[in-house]
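Single-letter residue listing:
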Amino acid sequence: MTSSTSKTTLHTIWTNTEWILYKLLFNRFTLIAFYAFWFLFGVLVLRKTQNAITAVRYVKTHGESVSLASIEESREFADLIKTLDKSFPRPPAIFLLNQYALNMTDNFLCNTATLEGVHQRFIFVTLDTIARDTIRKRWPQIQQFHWPTPSLYKPFSFAEGAYQTIYLLRSNLALALIKKGKSFWMMQQDTFWRKNIFDMNYEDDMSYDAIFDQLGSEEESSMRKEWVNGANFFIRANNDTQLFFERMSEKLAHWYTPDMGIMIQQCHTWTRPRCAYIPHNVVYSWEWMFTEQKDPPYLMQLDCETDGGSKLMQLGRYGFHFVNPDGSCNEGKVAMAKEKMENGTVEVKMTKTLPSWGRLQFKAYWYIVDYMLWTPIIGEYLKPYLAMIGFILMITI
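In this text, all values refer to a predicted model and were calculated from it rather than measured experimentally.

Student: Just to check I follow, could you spell out the overall build of the protein chain for this structure?
Tutor: Counting its regular elements, the protein chain contains 13 helices and 10 strands. Taken along its principal axes, the extent of the C-alpha atoms in the protein chain is 110 × 45 × 40 Å. Counting every position in the protein chain, which comprises 397 residues, the buried fraction comes to 50%. Long-range contacts, defined here as pairs at least 24 residues apart, represent 73% of the contacts in the protein chain between residues at least 6 apart. Working note: accessible area of the protein chain is about 20,100 Å², and carbon and sulfur atoms make up 59% of it. Taking the 41 positively charged and 40 negatively charged side chains of the protein chain as two groups, their mean positions are separated by 5 Å.

Printed below as a string of structure tokens:
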């Protein structure tokens, strides 16, 4: 054997040995990654199962304090009806808050204070004395329905037991109002108002019984179009909407499911009440900021955070924080935010506004949902029901 042949043979052996080692390492890494993924998935499933059980138990434990009977039989509710009869010729807009939502509420009220007559339509359901007294001192002209609820005194986040409880309260309060023949808006403070939605006179259109904000977009290809968002909606009091909220309260009291999921299911599978949807050029979710920012909506709901404590900080990064350090309202910032929306220049570039963990999760889950709804045949059948298992599917939350 020549020296050249010997070197070639040794090189081949060495190359083959390297390849074998590489394959062994790659296979081992792949196997480790495979088991690690399913281990992590299993942990998240167990964690979500525990969270679901805890949330449902919390609602069952504290449900009586937000029950329909407790509301209807209270002096506070009787006073609320008198206030509506006396001071509200048009349907009120109902908001709920505890002391941990005061900063967000103050920011919202600074925004809407620039719109004439809007605050006269608001009623705040205050859940603790700190929230009641602060709103009364800061915004004395705004009406309140004080409903002290110990189970809602602490801060809470998306999909937790207290989160479910506050939406059971909202549903039962809606039902109590409907039974008294009172139509109403239900709204949330994590919303920027560029214009006054009440100017649209949705209350006067008798072609529907309820009109909801919606997810998705105006594009025909949008999979989540006509999926109820559940943050800002109008309900006309009648027998059909009464049944709608009776069933919703029953489900919220026993199921681990978001209230918007129940609304979607009932609107898409019931013939009554007649559900309609507010166009995206009037009310849009936070996703508008990540489009081409054309045709700005009247209202933009900034609900992209799972943690209420970080939400206001994120709004400030987008330019939607309007309270000065001394507590006064900064009307200049409100005007600037409106101008940026109208010009399509809301700053959301990654270099200046890093995505929060809450928004990343929502974007990921919406992508998965869109793909599931896009699936031929199956997607059409999933659309009315998929959102009802939203809490279960969102295993990282």
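Student: Explain empty space enclosed by the protein here, please?
Tutor: Over the atoms rolls a probe the size of a water molecule, and in doing so it shows where empty space is left. The tally for this structure, following the rule as stated, stands at 2 cavities of 30 Å³ or more. As a volume, the largest cavity reaches approximately 50 Å³. In this structure, the largest cavity is lined by Met104, Asn107, Phe108, Asn111, Gln189, Asp190, Thr191, Phe192, Leu302, Leu315, Phe320 and Phe322. Mapped by element, the contributors of at least two residues to the lining of the largest cavity are helix H4 (102-112) and strand E5 (191-193).

Student: Even after reading the chapter, I still don't get the sheet that holds strand E1 (residues 93-97), so can you show me in this structure?
Tutor: Strand pairs in the sheet, formed through backbone hydrogen bonds, run parallel or antiparallel to each other. A sheet is described by the order of its strands in space; here 7 strands give the open sequence E3-E2-E1-E4-E7-E6-E8, paired in mixed fashion. Each edge of the open sheet is held by one strand with a lone partner, namely strand E3 (143-146) and strand E8 (275-277). Neighbouring strand axes in the sheet, compared pairwise and without regard to direction, differ in orientation by 30° on average. Taken together, the 3 bridges between strand E6 (residues 210-214) and E8 define a ladder with parallel strand orientation. Bridging from a neighbouring strand, Ala210 pairs with Cys275 of E8. Contacts from helix H3 (residues 75-87) reach strand E2 (122-126) and E3 within the one sheet, and its direction differs from that of E3 by about 160°. Sheet strands touched by H4: E1 and E2. Its angle to E2, the strand with the most contacts, is close to 175°.

Student: Sorry if this is basic, but what is going on with the pairing of E3 here?
Tutor: Along any regular strand the residues' side chains alternate between the sheet's two faces. With 4 bridges connecting them, E2 and E3 associate as parallel partners. Bridged to Phe124 within E3 is Gln144.

The rules behind these values
Residues numbered from 1 in each chain as written. Predicted model: local features only at pLDDT ≥ 70, side-chain atom pairs only at ≥ 80, totals over all residues. Heavy atoms only, no water. Helix = DSSP H or I, 4+ residues; strand = E, 2+ residues; numbered from the N terminus. Buried < 20%, exposed > 50% of the residue type's maximum accessible area, 1.4 Å probe, protein only. Contact = heavy atoms within 4.5 Å. Areas by Shrake-Rupley, 256 points an atom, 1.4 Å probe, with all protein chains shown as cover. Lys, Arg positive; Asp, Glu negative; His and termini not counted. Charge placed at Lys NZ, Arg CZ, Asp CG, Glu CD. 1 Å grid on protein atoms, 1.4 Å probe; cavity = no way out; pocket = protein on both sides within 12 Å on 5 of 7 lines; lining within 4 Å. Points joined across faces, edges and corners; volume = space filled by probe spheres on them. Pairing = 2+ DSSP bridges. Axes fitted to C-alpha atoms, helices over the stretch in contact; angles between N-to-C directions.

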